[in-house]
Amino acid sequence: MDNAKKSVLIVEDEALVRFLIVDEFEEAGFRVSESPTATEAIEVLKTQPEFDLLFTDIRMPGSVDGWELGRRARELHPDITIIYATGYGVDDNQPVGRSFTIQKPYRFTEISQLLEEIGMMR
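Please read these numbers as outputs of a predicted model, since none were measured by experiment.

Engineer: What is the right way to look at the environment of Lys5 in this model?
Structural biologist: Checked against the element boundaries, Lys5 lands in the segment before β1 (7–11). Spatially, the C-alpha atom of Lys5 lies 9.2 Å from that of Asp52, the residues being 47 residues apart in sequence. Setting aside residues no more than four positions away along its own chain, Lys5 makes contact with Arg31 and Asp52.

Here you go:
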């Protein structure tokens, strides 16, 4: 499957960071949906039938953080790949299985390399 058929939901509360990563994923050929909050992202996950990838910040405003979003995403889409992004240490690491964590600040080359390694990008 080529990247154009892969879809990603990007969840990032910082508008500039979200804009930049959305642009990078679109340039890489992904169909992109975006959300500024985990709560909104859960609603998107409930209403859209297919996502291949969730790319989410961990610490966001509101009662739902990226860890909980990952759990809810996996309940709704059991095969979804999850990449967590954080500017903090991962000592409170609570990822779901078959997920990955990227340290902020990141470059898209790091993300694309990871996506290539796991077979989501050629």
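After presenting the structure, the write-up continues.
Engineer: So what exactly am I meant to see when it comes to the packing of helix α2 (residues 38–47) against helix α3 (residues 66–76) here?
Structural biologist: Orientation of α2 relative to α3, taken along the N-to-C sense of each, is 5 degrees, at an axis distance of 10 Å. Judged on the interaxial angle alone, α3 and α2 are roughly parallel. Here Ala38, Ala41, Ile42, Leu45 and Lys46 of α2 lie close against α3, whose contacting residues are Leu69, Arg72, Ala73 and Leu76. The residue makeup of the contact of α2 with α3, split by class, is 7 nonpolar, no polar and 2 charged.

Engineer: Just checking my understanding: could you explain the side chain of Ser7 for this structure?
Structural biologist: Along the chain, the position of Ser7 falls in strand β1. One polar contact links the side chain of Ser7 to the main-chain carbonyl oxygen of Glu50, over a distance of 3.1 Å. Leave out the neighbours within four places in its chain, and Ser7 touches Arg31, Glu50, Phe51, Asp52 and Leu53.

Conventions used here
Residues numbered from 1 in each chain as written. Predicted model: local features only at pLDDT ≥ 70, side-chain atom pairs only at ≥ 80, totals over all residues. Heavy atoms only, no water. Helix = DSSP H or I, 4+ residues; strand = E, 2+ residues; numbered from the N terminus. Contact = heavy atoms within 4.5 Å. Axes fitted to C-alpha atoms, helices over the stretch in contact; angles between N-to-C directions. Parallel < 35°, antiparallel > 145°, perpendicular 65-115°, else oblique. Nonpolar A, V, L, I, M, F, W, Y, C, P; charged D, E, K, R; others polar. Polar contact = N/O pair within 3.5 Å; in protein donor to acceptor, adjacent residues only side chain to side chain.

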